[in-house]
Every structure is written in structure tokens, then in C-alpha cells.
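Each chain, letter by letter, is given below.
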Amino acid sequence: MSRPVSVPPAVKAPVLDPTVRHLYVHMPFCPSICPYCDFHVLTRRSGQVEAYLERLEQEAAWLASQYDTRLDTVYLGGGTPSFLRDAEIAALVGSIRRHLGWGRQENTLEINPGTVSPARAALWRELGFDRASVGVQSLDDATLKFLGRQHDAAGAREAVTTLICAGFRVSGDLITAVPGQPLERDIHGLVELGVDHISAYTLTIEPGTEFARRGVTVGEDDERAGFERTEELLTAYGFARYEISNYARPGQESRHNLAYWNNRTYLGLGPGAAGHYPATRSPAVLGSGEGRSR
């Protein structure tokens, strides 16, 4: 996490846009790193989560001193936020609430299927999350194995069903253009589970990933075919594509995603987080730009 700037108390430029309504929080820890992943992630080591939570609280306090936050949405992404232990995620939510508030319209938690249980789903709801973005990726065991996922298709189905029963609005992530993937069956299976939102991402081989080192490739024709077929199928099922990779039933769009898409101001908190910040200080106060999450 970047080091907060020490701002002299007597110097504070007028706030041009006084209200920030959206917050993204990055939790970088994962139980394992998937071979296609090029995000800012790391596996858990002793003391790291504790240090992360301590520094996150400091950064949240600093952001609160600089911006007027009246949040409509909070999005906790990663990484695998649901990989945090119960006390840790409670502490994280407590830090956000103390300094920046909580979303009045929507609060999303990214979830790995292998971390879900009825008790944990109930806890996440009690903490204030009402929307779950689940990393299903596929409902085909061979495809999941190729993608390096630790869950199987049955586990993904059980996780989604548990979260829906707990009262979450559930979005399912899907990766397309995977060699040998039964795409139509994957999409039908997700829809049949009752999700109201699907994020469909084309498998992309990024430099430095395990897939790149293995020489895995995805052809342009396969990318295009997967993208087009996904839209055809989801449109037929009553989903509308409201953003490049996001589909939703009417009224079930992610309000947080729409904030990005509509160029709204949002704050980023944590390592790897980006923010679209309002102009609140003069360049002399801001200095080199340190203090923003990256």
C-alpha cells in the first residue's frame, strides 16, 4: 500500500466535488494463484493479513480526512476477499464503516466457491454485504481443472445456491474461449442456478503468468466466437449486456459497475486498488501523487 501523504492541517484546498459515493477495496490474498491470473495477488504468509488490516485502517482514515464520503456502493474485490477468516473480514468491514461509511444501495463481496458455507454466508450478510460475485468460471470439471481452480462444478453449484438462499443478489463469473469448454452448457447451468447477473470474461494470456510460461494460446477466432455466442445465449435467456463483459436481468445491474461505466467518482483502498478521485487539493499539497492506492 502506498504511504499516506502528511498534509499540513492548515492547508486544505476547497472540495470541488464534495461527495464520493463509491468505494473499491482490494484484498490481495488468495489460497492459490490461478495460472491465468495477472492481478496483484499473493498467497497468505504469517503476519501479512494482520499487517494489511492495520495499514488499511490507516489508509481509510487518511482518505476520510481528504474526501467527503456518502457511499452508495462498496465493492470488496481481490484476490479472494472471502478467504479472510471471520474475525478478519469483520475487522476489515469495521475499519471501512468507522472511517468511510457503508454503501446505502449495494455492497458486494467477491467470493470463491470453496470458502462458502451457510454459516459464513449468514455472517457476510450480517456484516452488511447484500451482493455476491462468485468466481464460478465454469461448471465443467475438466475446464475447471485446466484453469487451475480448486473447486469443482458441484462445489460451485452448492456455493451459488447457498448464497441465494442466504438472501444475496448473486453474480456468477464465467471465463470463455477456454479450449474444450462446453460454453452453452456452462451458460445454461449458471442461468438455471438462478443468478441474476453474469460477468463473462474471455480467457486472456498475460505475460508473466503460468499459462504464458506454458505456451498456452487463445486464437482470435475462438475469442470472437466465445464472445458472440455468450451474448446470443444470455440475450435469449433474458439477460441484457449493459457493459462489455457484464450481463444482467432487468434491474439487476451492478450499481458499482455502472459507477465505473458512467465515469463517476470513486475511491480505491488497498494495494492494487485504483480510484477516480475528485480534485480536492492543489498540486502543491498533493505533491508527487503519493497517498493514492495503486
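Conventions adopted
Residues numbered from 1 in each chain as written. Predicted model: local features only at pLDDT ≥ 70, side-chain atom pairs only at ≥ 80, totals over all residues. Heavy atoms only, no water. Phe/Tyr/Trp six-rings, centres within 6.5 Å; stacked < 30°, edge-to-face > 60°. Helix = DSSP H or I, 4+ residues; strand = E, 2+ residues; numbered from the N terminus. Buried < 20%, exposed > 50% of the residue type's maximum accessible area, 1.4 Å probe, protein only. Lys NZ or Arg CZ within 6 Å of the ring centre and 35° of its normal. 1 Å grid on protein atoms, 1.4 Å probe; cavity = no way out; pocket = protein on both sides within 12 Å on 5 of 7 lines; lining within 4 Å. Points joined across faces, edges and corners; volume = space filled by probe spheres on them. Nonpolar A, V, L, I, M, F, W, Y, C, P; charged D, E, K, R; others polar. Pairing = 2+ DSSP bridges.

K.L.:
Explain the packing of aromatic side chains to me, please; I cannot follow it from the model alone.
P.N.:
Taken as a whole and assessed by the stated rule, the structure comprises five aromatic pairs. Each ring, one from Phe29 and one from Tyr52, has its centre 5.8 Å from the other, and the planes form 85°; the classification is edge-to-face. Here Phe29, found in strand 2 (residues 29-30), pairs with Tyr52, found in helix 1 (residues 48-66); they are 23 residues apart in sequence, far enough to count as distant. By relative accessible area, Phe29 is classed as buried at 4%. Between the NZ or CZ atom of Arg125 and the centre of the ring of Phe168, over which it lies, the distance is 5.6 Å.

K.L.:
I keep staring at unusual backbone geometry and nothing clicks. Help me out?
P.N.:
Across residues other than glycine, the phi torsion is negative in most instances, and most of the peptide bonds are trans. Residue Gly79 is bonded to the preceding Gly78 through a cis peptide linkage, with omega at 20°. Summarising the element assignment, Gly79 is placed in the loop between strand 4 (69-78) and helix 2 (86-100). Residues other than glycine seldom take positive phi values, yet Ala177 does so here, at roughly 65°. Relative to the elements of secondary structure, Ala177 occurs in the loop between strand 7 (169-176) and helix 6 (183-193). By relative accessible area, which is 13% here, Ala177 ends up buried.

K.L.:
Would you mind showing me how to read the layout of surface pockets here?
P.N.:
In this approach the atoms are scanned with a rolling probe the size of a water molecule, which exposes any empty space left behind. Put simply, the largest pocket is a space of about 1,300 Å³. Elements that contribute at least two residues to the lining of the largest pocket include exactly strand 1 (20-27), strand 4, strand 5 (106-111), strand 6 (131-137), strand 7, strand 8 (197-202) and helix 9 (255-261). Per element, the largest residue contribution to the lining of the largest pocket is five residues, and it comes from strand 6. Split into classes, the residues belonging to the lining of the largest pocket amount to 19 nonpolar, 22 polar and seven charged.

K.L.:
So what exactly am I meant to see when it comes to the pairing of strand 7 here?
P.N.:
A regular strand places its side chains so that they alternate between the two faces of the sheet. Most of strand 7 is tucked away: eight of the eight residues are buried. Of the two faces of strand 7, the one carrying Arg169, Ser171, Asp173 and Ile175 and the one carrying Val170, Gly172, Leu174 and Thr176 are both buried. Pairing of strand 6 with strand 7, which is carried by five bridges, proceeds in the parallel orientation. For Val134, the partnering residue across the bridge sits in strand 7 and is Gly172. Bridge count for strand 7 against strand 8 is six bridges, and the pairing is parallel. Across the sheet, residue Ile175 finds its bridge partner in strand 8, namely Tyr201.

That's the geometry; what it means functionally is another story.
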